[in-house]
Amino acid sequence: MRQLLSALKRSRPDLPLLAVLALIVPGTLYGQAVSELPRGEPGQYERPEAAQEAIDQLRSPYCPTMLAVCSSGAGAALRDSITRLADEGWTTEELVEWVVANHGEEYRALPKAEGRSLVAWVVPPLGVLVGLALVLLALRHLKGKQVQVAPLEGELTEEEEARLRQAMKDMDREEEATFF
């Protein structure tokens, strides 16, 4: 047997590599096949609503994006796993908690509405309301003040008319483009 292997190695030096590949490739294809949903005609399979909602609430552990748009194979496999679990009857909350338990709290895109995370839900709407109240108060304050313009009585004196013409010339000169 040993002589046969050494003879094969001399005639085909890449034989050990081929043997290893023959063992590895089917295993990886099987692993990928079990974690992905079958691809069919468009519209043939729709993801359950619980799975879609869970996917929309999670950041991807494999890409710096949301899980819904992660283009990595691992992201697709995680979406498919979530979909399979939803097909088995898991709720949105259970799916999100499962992913967070397996990958970490930092992948939750929406903070919990409890404890310290409640601040993230309360402060932004409160800030908008306070901002609107301030704008309304400012508008009400400005509406109450009306600028009184004294009516012109008679014609301008020669001195006022000369100052007005000079001011208009200065303004025209300032508006001219200096880079031509």
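**So, the nonpolar core**
In this structure, Leu58, Leu67, Ile82 and Leu95 are the most contacted members of the largest nonpolar core, which totals 14 residues. Not counting the four nearest positions on each side in its chain, leucine 67 is found in contact with Ile55, Leu58, Arg59, Ser60, Gly75, Leu78, Arg79 and Ile82.

**What to know about helix H4 (residues 73-87)**
An α-helical turn contains 3.6 residues, so any two residues separated by three or four positions project in the same direction. Over its 15 residues, H4 runs 21 Å from end to end, which matches the ideal 21 Å to within 8%, given 1.5 Å per residue. All buried positions along H4 are accounted for by Gly75, Ala76, Ala77, Leu78, Arg79, Asp80, Ile82, Thr83, Leu85 and Ala86. A positive phi of about 110° marks glycine 89, the residue just after H4.

**Quick look at the pattern of salt bridges**
All told, the structure shown has four salt bridges when counted by the stated rule. A salt bridge links glutamate 105 to arginine 108, with the nearest nitrogen and oxygen atoms 2.5 Å apart. Exposure remark for glutamate 105: the relative accessible area of 44% places this residue in the partly exposed category. Between glutamate 161 and arginine 165 there is a salt bridge, and its shortest N-O distance comes to 2.4 Å. A residue pair is termed a helical-turn pair when its members lie 3 or 4 positions apart in one helix, as glutamate 161 and arginine 165 do in helix H7 (residues 158-175) at four residues. Judged by its relative accessible area of 31%, glutamate 161 falls in the partly exposed class.

**Overview of the packing of aromatic side chains**
On inspection of all chains with the given rule, the structure shows one aromatic pair. Measuring from ring centre to ring centre gives 6.3 Å for tryptophan 90 and tryptophan 98, while their planes differ by 85°; the resulting arrangement is edge-to-face.

**Topic: the packing of H4 against helix H5 (residues 92-103)**
The geometry of a pair of packed helices is captured by two quantities: the angle between their axes and the separation between those axes. Packing of H4 against H5 leaves a shortest axis separation of 10 Å and a crossing angle of 140°. Here H5 runs oblique to H4, going by the angle between their axes. For the pair H4 and H5, the sense of crossing is right-handed. Along its contact with H4, which presents Leu78, Ser81, Ile82, Leu85 and Ala86, the element H5 presents Leu95, Trp98, Val99 and His103.

**A few points about the state of the cysteines**
Overall, the coordinates contain one disulfide when judged by the stated rule. The residue that forms a disulfide with cysteine 63 is cysteine 70, at a sulfur-sulfur distance of 2.4 Å. The sign of the S-S torsion, about 55°, decides the handedness of the disulfide formed by cysteine 63 and cysteine 70: right-handed. For the residue pair cysteine 63 and cysteine 70, the accessibility class agrees, reading buried in each case.

**Focus: a nonpolar patch on the surface**
A cluster of nonpolar residues, Leu110, Leu118, Trp121, Val122, Leu126, Val130, Leu134 and Leu137, forms a patch on the protein surface that exposes about 740 Å² of accessible area. Here valine 122 lies in helix H6 (residues 118-144).

The rules behind these values
Residues numbered from 1 in each chain as written. Predicted model: local features only at pLDDT ≥ 70, side-chain atom pairs only at ≥ 80, totals over all residues. Heavy atoms only, no water. Core = buried A, V, L, I, M, F, W, Y, C linked by side-chain atoms within 4.5 Å. Buried < 20%, exposed > 50% of the residue type's maximum accessible area, 1.4 Å probe, protein only. Contact = heavy atoms within 4.5 Å. Helix = DSSP H or I, 4+ residues; strand = E, 2+ residues; numbered from the N terminus. Expected span 1.5 Å × (residues − 1). Salt bridge = Lys/Arg side-chain N within 4 Å of Asp/Glu carboxyl O. Phe/Tyr/Trp six-rings, centres within 6.5 Å; stacked < 30°, edge-to-face > 60°. Axes fitted to C-alpha atoms, helices over the stretch in contact; angles between N-to-C directions. Parallel < 35°, antiparallel > 145°, perpendicular 65-115°, else oblique. Left-handed = near helix turned anticlockwise from the far one by under 90°. Disulfide = S-S within 2.5 Å. Patch = residues over 30% accessible without salt bridge, like charges linked within 9 Å, V, L, I, M, F, W, Y side chains within 5 Å. Areas by Shrake-Rupley, 256 points an atom, 1.4 Å probe, with all protein chains shown as cover.

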